[in-house]
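Survey of secondary and tertiary structure
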Amino acid sequence: QAASLDDGARKMLYGSLFSLKQFIAKLRPVDDPENDATQYYSFRTNNYKMHVRETAAGVVFLLATEPGAGALGDALRKFEEAWTECFAKNPVAPGPSALPSESTSAALTARVEAIAENALREM
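Every chain begins its residue count from 1, and numbering advances along the sequence as written. Where local features are concerned, this predicted model is filtered to residues with pLDDT of at least 70; where side-chain atom pairs are given and counted, the filter is 80 or more; whole-chain, interface and lining totals use all residues. Values shown for side chains rest on all heavy atoms present in the structure; no hydrogens or waters enter the calculation.

Another aspect to go through is the sheet that holds strand β3 (residues 60-65). Read from one edge to the other, the open sheet built from 3 strands follows the order β1-β2-β3, with strand pairing classed as antiparallel. Because the sheet does not close on itself, it has two edges, and the strands there are β1 (39-44) and β3. For this sheet, the mean inter-axis angle between neighbouring strands, taken without regard to orientation, is 15°. DSSP bridges decide pairing: two strands pair if at least two such bridges lie between them. Helix and strand definitions follow DSSP, with helices as H or I runs of at least four residues and strands as E runs of at least two, each counted in order from the N terminus. Axis definition: a line fitted to C-alpha atoms, over the contacting stretch in the case of helices. Angles run 0 to 180 degrees between N-to-C directions.

Stacked, tilted and edge-to-face are the three classes assigned to paired rings of Phe, Tyr and Trp, where Trp is represented by its six-membered ring and a pair needs centres within 6.5 Å; plane angles under 30 degrees give stacked, over 60 edge-to-face, the rest tilted. Summed over all chains, the structure comprises 3 aromatic pairs. Ring geometry for Tyr14 versus Phe18: centroids 6.3 Å apart, planes at 20°, classification stacked. Within this pair, Tyr14 and its partner Phe18 are both found in helix α1 (residues 7-27), separated by 4 residues, close to a single helical turn. Geometrically, the ring pair formed by Phe43 and Tyr48 is edge-to-face, given 6.4 Å between the ring centres and 75° between the ring planes. Each residue's exposure class comes from its accessible area (1.4 Å probe, protein chains only) as a fraction of the maximum for that residue type: buried when under 20%, exposed when over 50%, partly exposed otherwise. In this structure Phe43 comes out as partly exposed when scored by relative accessible area, which is 24%.

Time to look at the pattern of salt bridges. The salt bridge definition used is simple: a Lys or Arg side-chain nitrogen within 4 Å of an Asp or Glu carboxyl oxygen. All told, the structure shown has 5 salt bridges when counted by the stated rule. Here Asp7 ties to Lys11 by a salt bridge, and the two come within 3.4 Å at their closest N and O atoms. Of the two residues, Asp7 and Lys11 are both situated in helix α1; the distance of 4 residues between them amounts to about one turn of the helix. Residue classification places Lys11 among the exposed residues on the basis of a relative accessible area of 58%. Linking Arg53 and Glu80 is a salt bridge whose minimum nitrogen-to-oxygen distance equals 2.6 Å. Residue Arg53 is found in strand β2 (residues 49-54), and its partner Glu80 is found in helix α2 (residues 73-88); the two are separated by 27 residues along the sequence. Judged on exposure class, the residue Arg53 and its partner Glu80 are both buried. Here the residues in one salt-bridge network are Asp74, Arg77, Lys78 and Glu81, joined through shared partners.

Turning to α2, its buried residues are Gly73, Ala75, Leu76, Phe79, Glu80, Ala82, Cys86 and Phe87. Two residues form a contact once any of their heavy atoms are found within 4.5 Å. Taken together, the buried residues of α2 touch β1, β2, β3 and α3 (102-122).

Turning our attention to the pairing of β2. Within β2, 6 of the 6 residues are buried, which leaves it mostly tucked inside the rest of the structure. Side chains of β2 alternate between two faces, with Lys49, His51 and Arg53 and Met50, Val52 and Glu54 buried alike. Here β1 pairs with β2 via 6 bridges, running antiparallel. Looking across to β2, one finds that Tyr41 is bridged to Val52. Where β1 folds back onto β2 in an antiparallel hairpin, the turn is made up of 4 residues.

Right, here's the structure in full:
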């Protein structure tokens, strides 16, 4: 069962990610026009490494790993492709505020687990 965040924790997480995004945008030396549509970045603490991928549509994919993990931008790109196939391109998928059906969730979970296993083998 997934842990649920209360409203205050959600706001704090959103604020942290927003601030991090602004900070990284200021550190980036040159705007990359080829990478404008989708942005990948990561940051590390003593306890974890957070990988973040944000699409042009504003969808954010987060992946927390061990601090020593390498760059997982390619894995997050594949997660995004799986999400797009299961939800964005699926005419019977629920809207963004609705919960997905069990079959759609199961299909996405299976694809994400396969991507994660492949990413682990490549490390």
